[in-house]
Each structure stands twice: as structure tokens, then as C-alpha cells.
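Here's the letter readout for the chains.
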Amino acid sequence: STYSALAPLPSGRVRIAFYDRSKATQNPDYEVGMRYWANGVADDLQMDFTDFVMQGKMSEFSLSEPHC
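Here's what I pulled together on the structure shown here. (Residues numbered from 1 in each chain as written. Predicted model: local features only at pLDDT ≥ 70, side-chain atom pairs only at ≥ 80, totals over all residues. Heavy atoms only, no water.)

Glancing now at the side chain of Asp43. Position of Asp43 among the secondary structure elements: in strand 3 (residues 42–48). Residue classification places Asp43 among the buried positions, given a relative accessible area of 4%. Within the structure, the side chain of Asp43 is placed 2.8 Å from the side chain of Arg35, a separation counted as a polar contact. Discounting chain neighbours no more than four positions away, the residues touching Asp43 are Tyr3, Met34, Arg35, Trp37 and Met58. (Helix = DSSP H or I, 4+ residues; strand = E, 2+ residues; numbered from the N terminus. Buried < 20%, exposed > 50% of the residue type's maximum accessible area, 1.4 Å probe, protein only. Polar contact = N/O pair within 3.5 Å; in protein donor to acceptor, adjacent residues only side chain to side chain. Contact = heavy atoms within 4.5 Å.)

Laid out in C-alpha cells, this is it:
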């Protein structure tokens, strides 16, 4: 399965908001949410631009052989 290499690792959800410092508003220009795994891989990406939302889903994941 896509997540078999990630399943044993801890993960957490992250949500980041981006603001335009030149605007006097409390609303972010856009927000990004995702799940981060302990090895730095991110999946379940959502980018919210207020007018529209983009979703990203991991379709394939595999580990490469170590090079050292």
C-alpha cells in the first residue's frame, strides 16, 4: 500500500496561515494544511485561497536504498 512504509512512523497535522503585511486585515491571504510524518514526508495537502481550495493526495510512496 502507499502508506505501508509510513504507517509505523508518528505523524501530526500542521496548518500554516500566510498574511500580507501591507494589508491591515486579520484574514490570511491563504492557508496550507497537511500531515507531516516523522521522516519529513508530507501528505494530505490542502491549500485554501478563500476563492478556491486545492487538495493534494499522495498516490505513491516508496523508500530508496540508503547511499552510505
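What follows deals with the pairing of strand 4 (residues 53–56). Sheet topology places strand 3 next to strand 4; four bridges connect them, and they run antiparallel. Looking across to strand 4, one finds that Leu45 is bridged to Gly56. Counting the residues that bridge the hairpin from strand 3 to strand 4 gives four residues, and of these Thr50 lies at a positive phi of roughly 70 degrees. (Pairing = 2+ DSSP bridges.)

Sheet architecture is open: four strands sit in the order 1-2-3-4, paired in antiparallel fashion. Two strands bound the open sheet, and with one partner strand each, they are strand 1 (11–18) and strand 4. Put simply, the sheet's adjacent strands are angled 10 degrees from each other on average, direction ignored. (Axes fitted to C-alpha atoms, helices over the stretch in contact; angles between N-to-C directions.)

Summarising the element assignment, Gln26 is placed in the loop between strand 1 and strand 2 (30–37). For Gln26, a relative accessible area of 74% puts it in the exposed group. Counting along the chain gives 14 residues from Gln26 to Gly40, while the straight-line C-alpha distance between them is 30 Å.

Now for the packing of aromatic side chains. Tallying each qualifying case throughout the model produces three aromatic pairs. Measuring from ring centre to ring centre gives 5.0 Å for Phe49 and Phe52, while their planes differ by 25 degrees; the resulting arrangement is stacked. Its relative accessible area of 24% is what places Phe49 among the partly exposed residues. (Phe/Tyr/Trp six-rings, centres within 6.5 Å; stacked < 30°, edge-to-face > 60°.)

As enumerated under the stated definition, the model contains five salt bridges in all. One salt bridge in this structure joins Asp43 and Arg35, with 2.8 Å as the shortest N-O distance. (Salt bridge = Lys/Arg side-chain N within 4 Å of Asp/Glu carboxyl O.)

Geometric values such as these leave the question of function open.
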